[in-house]
Amino acid sequence: MQLGLRISASFVGKVNSTDLKIKFEKTDFNHPVFQNIFQNDDKKKYESPELNAYYKFTASGNQITSLVDGSSFLSEHKNGKGKVFVFNSAPVLSWSDFPIKSIFAPLMNKSVAYLSSKERDGNIFLAGEEVTINLKNTNASQIKIVRPNKSDEFINLKDNSGRDYLAYSNTNIAGSYKFYSGANQIENISINTDPAESILEYANESEFEDYLEQIKFSGKYVSIDEEENISQKIMQARFGSELWRYFLLIAIILALVEMTIARNAKKDLIELKN
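Since this is a predicted model, take the numbers as computed values, not measurements.

About the criteria used
- Residues numbered from 1 in each chain as written.
- Predicted model: local features only at pLDDT ≥ 70, side-chain atom pairs only at ≥ 80, totals over all residues.
- Heavy atoms only, no water.
- Helix = DSSP H or I, 4+ residues; strand = E, 2+ residues; numbered from the N terminus.
- Buried < 20%, exposed > 50% of the residue type's maximum accessible area, 1.4 Å probe, protein only.
- Contact = heavy atoms within 4.5 Å.
- Areas by Shrake-Rupley, 256 points an atom, 1.4 Å probe, with all protein chains shown as cover.
- Pairing = 2+ DSSP bridges.
- Axes fitted to C-alpha atoms, helices over the stretch in contact; angles between N-to-C directions.
- Core = buried A, V, L, I, M, F, W, Y, C linked by side-chain atoms within 4.5 Å.
- Phe/Tyr/Trp six-rings, centres within 6.5 Å; stacked < 30°, edge-to-face > 60°.
- Lys NZ or Arg CZ within 6 Å of the ring centre and 35° of its normal.

A.B. asks: Describe the overall build of the protein chain, naming the residues involved and giving the relevant values.
C.D. replies: The helix and strand inventory of the protein chain stands at four helices and 12 strands. Burial analysis of the protein chain (274 residues in total) assigns 27% to the buried set. Partitioning the intrachain contacts of the protein chain with sequence separation of at least 6 by distance along the chain shows that 60% fall at a separation of at least 24. Surface exposure of the protein chain reaches about 19,400 Å², of which carbon and sulfur atoms provide 51%.

A.B. asks: So what about the sheet that holds strand 8 (residues 142-146)? Which residues, and what values?
C.D. replies: The four strands lie next to each other as 9-8-11-12, forming an open sheet whose pairing is antiparallel. Edge positions in the sheet fall to strand 9 (152-156) and strand 12 (184-191), since each of these pairs with one other strand and no more. In this sheet, adjacent strand axes meet at a mean angle of 20 degrees when their direction is disregarded. Inspection of the sheet shows strand 8 paired to strand 11 (residues 175-181) by three bridges, in the antiparallel sense.

A.B. asks: Please provide a residue-by-residue account of the nonpolar core, values included.
C.D. replies: In terms of nonpolar packing, the biggest core is built from 18 residues, with Phe34, Leu51, Leu67, Phe73, Ile103 and Leu107 touching the most fellow members. Sorting the residues of this core by element identifies strand 4 (62-67), strand 5 (72-79) and helix 1 (104-116) as the ones contributing at least two each. Among the elements that take part in this core, helix 1 stands out by supplying three residues, more than any other. Those residues within four positions of isoleucine 103 in sequence are excluded, and the remaining contacts are Phe34, Ile37, Phe38, Tyr46 and Phe98. If you look at the next biggest cluster of nonpolar residues, it comprises 14 residues, including Phe125, Leu135, Ile155 and Ile191.

A.B. asks: Go over the pairing of strand 10 (residues 165-168), please, and point to the residues and values.
C.D. replies: Side chains Leu166 and Tyr168 project from strand 10 onto a buried face, and the interleaved Tyr165 and Ala167 project onto a face without burial. When strand 7 (residues 131-134) meets strand 10, the two strands line up antiparallel, connected through four bridges. Within strand 10, the residue paired with valine 131 across the bridge is tyrosine 168.

A.B. asks: Which residues make up the packing of aromatic side chains, and what values do they have?
C.D. replies: Inspection of every chain in the model, using the stated rule, returns 15 aromatic pairs. Centre to centre, the rings of phenylalanine 29 and phenylalanine 34 are 5.8 Å apart; their planes meet at 75 degrees, and the pair counts as edge-to-face. For the pair phenylalanine 73 and phenylalanine 87, a centre-to-centre distance of 5.7 Å together with 85 degrees between the ring planes defines the contact as edge-to-face. One end of the pair, phenylalanine 73, is in strand 5; the other, phenylalanine 87, is in strand 6 (residues 82-87), and 14 residues separate them in sequence. By relative accessible area, phenylalanine 87 is classed as partly exposed at 25%. Among the aromatic residues, those joined into a cluster by ring pairs are Phe24, Phe29, Phe34, Tyr46, Phe73, Phe87, Phe98 and Phe104. Positioned above the aromatic ring of tyrosine 114 is the side chain of lysine 83, whose terminal nitrogen or guanidinium carbon lies 5.0 Å from the ring centre.

Quick look at the structure:
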């Protein structure tokens, strides 16, 4: 592609045909482009379009919406300091009914706003990280923050160590954070989930032990191999190992020793009598 994105694609379906009607499977509702689209955040649902023709992408970008075949319908890619959204189907009725779905207009609007937002140099805003808000253009004594879950938070600037900037760290929820000085919005920051949380690779046992040391885990963990009986291993960890087998083995060994000693003693008595 001219934008330099590493994307390989194969065409699926047929234009102006209704033989193939493939739908969406998953949507990352934590991505900023889907924030504030739904009136009720507890019911983030929308009707999936049906695609008749599309390109099946194999890309390294961030998958936002996927199809039932696992390929990306909408993915985000980094290009220098900018961002690029890639849709796998043309927004025309000969390819799909996406343009007439209720999600189309708000998604296009939010996409333009998100892609045109200014990139902040030296900052990658992830959930849990601290962000800095410029307060030089405001004289308000209180800042209001509207969090992604629609809750409000108020910060008195006299409690802040610096009057020119506000260090805000209560970013544990992914989404859009709006900062107000009075009735004026002074900042709108998007907080993303850490991409590391989406890595599905298993950590080996040594890596897991290192992680437990980092978090200062004081409990006890049990490692279970794939071939082991999980239920039995859990029961053993809860109640301990059964010892009757070991006591039975010890009893048999002691009985054999006793029989050997008794036989030797009897033989010695017979020899003394003779």
